[in-house]
Amino acid sequence: MDPSNQKHFTVADYVIFAVLLAASVGIGLYYALSGGRQRTTQEFLMADRSMHCLPVSLSLIASFQSAVAIVGVPAEIYTHGTQYWFIGCAYFLGLIIPAHVFIPVLYRLRLSSAYQYLELRFSKTVRICGTLTFIFQMVIYMGVCVYTPAFALNAVTGFELWGTVLATGLVCTLYTTMGGLKAVIWTDVFQTVVMFAGQLAVIVVGVQKAGGVSEVWKKVWDGNRISGLDLNPDPTERHTFWTLGVGGVFLMLSLYGVNQAQVQRYLSSRTEREAVRSCYMVFPSLQLALALSCIMGLVMFARYCGEDFSDKLGSSSRDAMVIYFVMDMLQGLPGLPGLFVACLFSAALSTISSAFNSLATVTMEDLIKPRFPSMTEERATLLSKALAMSYGLLCLAMAYLTHLMGDSVLQVALKIFGMVGGPILGLFCLGMFFPWANSCGALVGLGAGLTVAFWIGIGSIVTRSSGSRPLPPSCSVALPMNNTTAAIHTALSNVTQSSPSGLKRFYSLSYMWYSAFNCFTVILIGLVISFLTGPMREEDVTPGTIYPLFGKLLCFLPEHLRKKLCCVTPLGQSISARQTSPTQQKESNGQAFPRDGGASQEETESFLPEAHSPFVEYETAL
């Protein structure tokens, strides 16, 4: 960027930014030196399962509302209009389903890692494959989260790029390693407040400088930035109501249903009810965060009317444009630019600290503890801290690779979750909803899902690279058009755009459908292979691992048919068995564990809950 166009920080801005970093480290120090001093893995990784719903819910928001969203969503609205706002419709089902399906199953199993479920339901091999897939997904995503604010700041303010990356990564690694999950959750609470304050400050000042609310509305309306309800069913359309409202549900499920970073927060709650409440409390806050980001994009459009700043910024990235807008709006107001930068880095810190802690948890619980069951608690805790630090350093390496990606950061992030999170979601759905699925079907299904996901993802990158960048939008409309003229204009513009065919059409599938498509690929292939290799019998399924989905959907059928079709009977355990211990349950029912490579009785005992007649329990609880 031309130095003459750069916006600069004042002393007050640097002070506010430094206070954010110091406060985050301070929270980590507090939890490192108070309570149990993070001396056990239970406290370091699970916060002693003692968290209330309010901090858990704010942490759930912060984990999702990353710097990618704060920079990416306004850039999306500025470039393409408000169609993306319809993803808010997906938040309802995307949070209700985890609250009433995934949380009850996973919480009652008293797990530390979500992937322990896969061993209980299928086998140790499936668990390890699921864990490695999650690690791959989060390590790549962490690089995007760290690089995003650093790159944008560098483009606009001249901040040293890799100095910023190092500061973010090292501060986050420090407080995560020292304070464990409690420090991560409480810094998330603090950082969420800073995020909302920063966005609100930008919107208020931006509206005032753009001429008021009525002037902003006039400009965004004239510039066609207010999108109507697009019901086009074409799955290759980038954003429509269906891609966002339906495809977005599967994206939300992959994040809030089975992602270890979120599941770990549910499992750290004091009770199952607190975990469910925290999921409900996320909904209004996510809607508020989405609204603030979208309004910020509209105000930005009203200010610049679609002007292209790529020459001035030395970058074609719309994401850098957002930071330019913020610095332009807040220049001359000491402290406010620093507040927004603190907001941006709060989002980055909260997301990557969640990732560090969840990655340390799955590595410890799924890969190390099963191999070294006799490891002392003190050594296990020390190793968990070393793992958190190691992932922090790996994150810095991944940030270096992120700048090679050409899409907007929002699209890159959602593609990662769709390509890798979709198959993981499919694996959990296969296990929870289909009692007949076996471990062979799960492994082949996961492999097929990941293969198809990367085939589409890489194909879309290769075919996209030949396209040209769209021209910047404009605030002005030359002539008012009646409905007929507008329809003819739209039809002509559609004709001039070459429609992809064959494999190119397959590659042009909207990235918002990635999660759904890959999830169903895993389920379909998994069921076919399971039936070909011999479906799992009812008595071989571990109690507590099946949610009676078909029993609820087919409630109109007679009970004897439902039992035959849907496996709705208690799995190898009567109601009276609720009062017995896991050991007594095993002695009375030795057939309650998987036979095809599943967990042994001794291995399973360590994380089975006290009560596991799932269908009876869920019927009464839900």
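Predicted, not measured: the structure shown is a model, and the values here were computed from it.

Rules used in this analysis
- Residues numbered from 1 in each chain as written.
- Predicted model: local features only at pLDDT ≥ 70, side-chain atom pairs only at ≥ 80, totals over all residues.
- Heavy atoms only, no water.
- Helix = DSSP H or I, 4+ residues; strand = E, 2+ residues; numbered from the N terminus.
- Buried < 20%, exposed > 50% of the residue type's maximum accessible area, 1.4 Å probe, protein only.
- Polar contact = N/O pair within 3.5 Å; in protein donor to acceptor, adjacent residues only side chain to side chain.
- Salt bridge = Lys/Arg side-chain N within 4 Å of Asp/Glu carboxyl O.
- pLDDT = per-residue confidence, 0-100.
- Contact = heavy atoms within 4.5 Å.
- Expected span 1.5 Å × (residues − 1).
- Axes fitted to C-alpha atoms, helices over the stretch in contact; angles between N-to-C directions.
- Parallel < 35°, antiparallel > 145°, perpendicular 65-115°, else oblique.
- Nonpolar A, V, L, I, M, F, W, Y, C, P; charged D, E, K, R; others polar.
- Phe/Tyr/Trp six-rings, centres within 6.5 Å; stacked < 30°, edge-to-face > 60°.

### Examining the side chain of Arg 127
- As for its position among the elements, Arg 127 is in helix 7 (residues 124–157).
- Taking the relative accessible area as the measure of exposure, Arg 127 reaches 3% and is therefore buried.
- Side chain to side chain, Arg 127 and Asp 366 meet in a polar contact 2.7 Å long.

### Thoughts on unusual backbone geometry
- Not every positive phi belongs to a glycine, and Arg 110 is a case in point at roughly 55°.
- Look at Arg 110 and you get partly exposed, because its relative accessible area is 40%.
- For Asn 224, which is not glycine, the phi torsion reads 55° and is therefore positive.
- You can see Asn 224 is positioned in the loop between helix 9 (213–222) and helix 10 (241–245).
- Of the residues examined, Asn 224 reaches a relative accessible area of 58% and is grouped as exposed.

### Observations regarding the pattern of salt bridges
- The final tally for this structure, using the stated rule, is 8 salt bridges.
- Between Asp 366 and Arg 127 there is a salt bridge, with the nearest N and O atoms lying 2.7 Å from each other. Of this pair, Asp 366 sits in helix 16 (residues 336–368) while Arg 127 sits in helix 7, and the two are 239 residues apart along the sequence. Pair check on accessibility: Asp 366 and Arg 127 agree, each one buried.
- When salt bridges that share partners are traced, they join Glu 119, Arg 127 and Asp 366 into one network.

### Here we look at the confidence of the model for the protein
- Of all residues in the protein, 73% attain a pLDDT of 70 or more, and the chain-wide mean is 75.
- Within the protein, no element has a lower average pLDDT than helix 25 (residues 582–588), which sits at 37, and none a higher one than helix 22 (residues 514–533), at 93.
- For residues 465–471, every residue scores under 50 in pLDDT, and the model assigns this stretch 4 contacts once sequence neighbours within four places are set aside.
- Overall, residues 477–497 carries pLDDT values under 50, and its contacts beyond four positions in sequence, including any with other chains, amount to 3 contacts.

### Some details on helix 1 (residues 11–33)
- Across its 23 residues, helix 1 extends 32 Å between first and last C-alpha, which sits within 8% of the 33 Å expected from 1.5 Å per residue.
- All of the buried residues in helix 1 are Asp 13, Phe 17, Leu 20, Leu 21, Ser 24, Val 25, Ile 27, Gly 28, Tyr 31 and Ala 32.

### Let's talk about the side chain of Gln 260
- Here Gln 260 shows up in helix 12 (residues 260–267).
- Using a relative accessible area of 0% as the deciding quantity, one classes Gln 260 as buried.
- Non-local contacts of Gln 260, meaning those with residues more than four positions away in its chain, are made with Ser 112, Ser 113, Ala 114, Tyr 115, Phe 134, Ser 358, Thr 361 and Val 362.

### Brief notes about the packing of helix 5 (residues 88–108) against helix 12
- In contact at an axis separation of 10 Å, helix 5 and helix 12 are set at 70° when each is read in the N-to-C sense. As far as their axial angle goes, helix 12 and helix 5 are roughly perpendicular. Contacts between helix 5 and helix 12 involve Pro 98, Ile 103, Leu 106 and Tyr 107 on the former and, on the latter, Val 263, Tyr 266 and Leu 267.
- Of the residues that constitute the contact of helix 5 with helix 12, the class distribution is 7 nonpolar, no polar and no charged.

### A word on the packing of aromatic side chains
- Per the counting criterion, the structure on display carries 16 aromatic pairs.
- Measuring from centroid to centroid gives 5.8 Å for Tyr 115 and Phe 428, while their planes differ by 65°, and the two rings are edge-to-face. One end of the pair, Tyr 115, is in the loop between helix 5 and helix 6 (116–121); the other, Phe 428, is in helix 18 (residues 409–433), and 313 residues separate them in sequence.
- Residue classification places Tyr 115 among the buried residues on the basis of a relative accessible area of 1%.
- Here Phe 428 falls in the buried class, since its relative accessible area comes to 0%.

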